[in-house]
Amino acid sequence: MRRPGNAAAAAVVALVGVLGLGACAQIPTSGPVRVGNAPVETQVDIALLPQGPVPGTDPQTLVSGFLQATAAAATSPKEFQTAKEFLTTDVAQTWEPEEAVRVVREEPMPEPFEDEIELGSTDTVEIVVRATTIATVDSVGAYTEAGSPREAPYKFTVVKVGDEWRISALDNGVLVPANLFSSSYRATRLYFPSASDIKTLVPDLRWFPRRAWQTVAVKEILAGPPEWLQGATQTLVPEGTRLQSPSVPGRNDADSVAIRLSEQISSVQAAQRAVIAAQFSATLSEGAGRVIQVELYSDQSRLSVDAAEVDLPATIAQAIVLKDGDLYRVEDGRLVEHDMSVDLSGIDPTALAVSPSTTPTVVRDGTDQIVNLSLDEGEGPVPILEGTDLAAPSVDKFGNTWTSGGQGELQVSTDTLDVVKIEPEWLSGRRVVSVSVSPEGARIAVVSETPSGRQVQVAGVVRDAQHTPVSLAPALTVAAPVADTVDARWGGLTTLALLTRDSEDTTTVWTSGVGGQASTGGQSRQVPGLADVEQIAAGVNDHGILVVTREGDLEHEETGVWQPIAEDVDLASYPG
């Protein structure tokens, strides 16, 4: 069949400002070096081959075989077909394996039978499997860490069917040991256009079975942004658009992928169609080491797609430091004088922040006032926000300065110096401890106090046409196992750097993923080496984490190694 004359091959989608920003830090030739353990991110596709039930298998061995088959299903071409051979016919038709994935600490093993059970005299037995769930993945691939993992029983009813035992009752979902999880499920960032600018893509990390992660990723992009990004991001895909082919064809060595969609996609304007292709390209390119070209089809007709230059979140400016009343930039592992002079007479600087667009630069004066240094015209810094026990400020890319307010409230000083108060329902009654806006301005990380302890949450930022924040989307809870968090800063596309302080005043530095960390199989990770940190700074770049110790030492972490940069430093901050 002849294709329409205006159809053309899809162009390469340019991903601008993705990763690899800046040069490597200079290694000091003197001073101590603290060595830690840094995980290495791997995305290796392997296939596990599940085995079906062996004739004459006893109930315990049957359940063990079933658990092994379900763990292997995420990489097997047969998916859950082999696992269903362990079930009775009716249960095999109703069991929902993909309703939930429970990531368990240890390999789940059936408990021994009670002594009084005689298999020859019964046709029904109950098998109990105990396992400690450390995280769950829901039906759309959203990963959630468990705050207080506890061992729990999972029950299987096994019945005699003819001469063989089969499982007749079990919970939906599967149990996957933590040591198999990252090899069975692939960490995949979906990208959605920012509501403020369709050429800015906002990441959302999910975990999909490796056997078909490309197909599932495309379907989830078509489904639109998750609840926690509603209003902060948007979908350009027409309602009702679906994947026309059963799967997205793709090979590990392929440079292009054909995505065949239903006819609704043909109604999208050229500029928006280019961004949709960029969404798919950014998602499918991660971990490939190259840009994967995307060819869009409406049914059988290939669509013309222009190249779209899109931006991913990135901190493109250097960190700044306050030392002895002067500002410096951190450049190649050393301090360089900043071109802006400041007068801090009468100011007690306790926190520092700068906008990703370079202005404004602000400091917290004591704990009850935020002042703008950029507005100093010879009369000193200009107060812009006031309150009790204010959180360290964060300045977004639009020039808005964020801090805490009263109970359950955030305060924002806009670029026109108006003060906006935001009171999301999920913050009701809580005291805000820390706020940090992501580089693209579509997400905010908030640490707050709850009756059960401090909680780290991330939510989408909803803005008006002038980019003024008006509300926050429902929150996503992250870093549940990390206790006593006092500060959270964006340290990666979907990663937070956390500072904790316990009742003994001992501090620790952690990294935690918004949707899990790909490099650690999803789990939050403690960065070893320091226990006397006063302040933390991080950026979405390749420069790692900065800390200021109680002694005023500025130290830099990159891949688990702490290196000294300067002494007698008061404050440090990356833009954001």
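Residues numbered from 1 in each chain as written. Predicted model: local features only at pLDDT ≥ 70, side-chain atom pairs only at ≥ 80, totals over all residues. Heavy atoms only, no water.

Chemist: I'm lost on the side chain of glutamine 517 in this one. Help?
Modeler: For glutamine 517, the location among the structural elements is in the loop between β34 (507-513) and β35 (525-527). Each residue touching glutamine 517, except ones within four places of it in the same chain, is listed here: Trp207, Thr495, Thr511, Ser512, Gly522, Gln523, Ser524 and Arg525. (Helix = DSSP H or I, 4+ residues; strand = E, 2+ residues; numbered from the N terminus. Contact = heavy atoms within 4.5 Å.)

Chemist: Before we go on, may I ask you to explain empty space enclosed by the protein in this structure?
Modeler: It is the rolling of a water-molecule-sized probe over the atoms that shows where space remains empty. All told, the structure shown has three cavities of 30 Å³ or more when counted by the stated rule. Looking at the largest cavity, its volume works out to about 110 Å³. Around the largest cavity sit 13 residues that line it, and Phe156, Asp171, Gly173, Val174 and Leu175 are the ones nearest its centre. Elements supplying a minimum of two residues to the lining of the largest cavity: α1 (59-72), β7 (151-161) and β9 (174-177). Volume-wise, the second largest cavity comes out at about 60 Å³. Split into classes, the residues belonging to the lining of the second largest cavity amount to four nonpolar, five polar and one charged. (1 Å grid on protein atoms, 1.4 Å probe; cavity = no way out; pocket = protein on both sides within 12 Å on 5 of 7 lines; lining within 4 Å. Points joined across faces, edges and corners; volume = space filled by probe spheres on them. Nonpolar A, V, L, I, M, F, W, Y, C, P; charged D, E, K, R; others polar.)

Chemist: Would you mind showing me how to read the pairing of strand β28 (residues 443-450) here?
Modeler: In regular strands, side chains alternate between the two faces of the sheet. Counting buried positions along β28 gives seven out of eight residues, so the element sits mostly inside the fold. Between the antiparallel neighbours strand β27 (residues 431-437) and β28 lie five residues, among them glycine 441 with a positive phi of about 85°. Of the pairings in the sheet, the one linking β28 to strand β29 (residues 453-463) comprises eight bridges and is antiparallel in character. Residue pairing in the sheet places glutamate 449 in a bridge with arginine 454 of β29. Hairpin connection between β28 and β29: a loop of two residues separates the two successive antiparallel strands. (Buried < 20%, exposed > 50% of the residue type's maximum accessible area, 1.4 Å probe, protein only. Pairing = 2+ DSSP bridges.)

Chemist: What should I look at first to understand the sheet that holds β35 in this one?
Modeler: Taken together, four strands build an open sheet; the order of strands is β32-β33-β34-β35 and the sheet is antiparallel. What marks the edges here is a single partner per strand, and that holds for β32 (485-492) and β35. Across this sheet, the average inter-strand angle for adjacent strands is 30°, counted without regard to direction. Two strands pair when backbone bridges link them, and β32 and strand β33 (residues 495-501) are joined in this way by six bridges, in the antiparallel orientation. (Axes fitted to C-alpha atoms, helices over the stretch in contact; angles between N-to-C directions.)

Chemist: Just to check I follow, could you spell out the sheet that holds strand β12 (residues 256-261) for this structure?
Modeler: One key point about sheets: their strands pair by backbone hydrogen bonds, in either a parallel or an antiparallel sense. Read across the open sheet, the three strands follow the order β12-β13-β14; overall the sheet is mixed. Bordering the open sheet on either side are β12 and β14 (301-302), each of which pairs with just one other strand. Alignment of β12 against strand β13 (residues 293-298), held across six bridges, turns out to be parallel. When the bridges of β13 are listed, arginine 260 appears paired with tyrosine 297. Sheet strands in contact with helix α6 (residues 270-285) are β12 and β13, and its direction is about 130° off that of β13.

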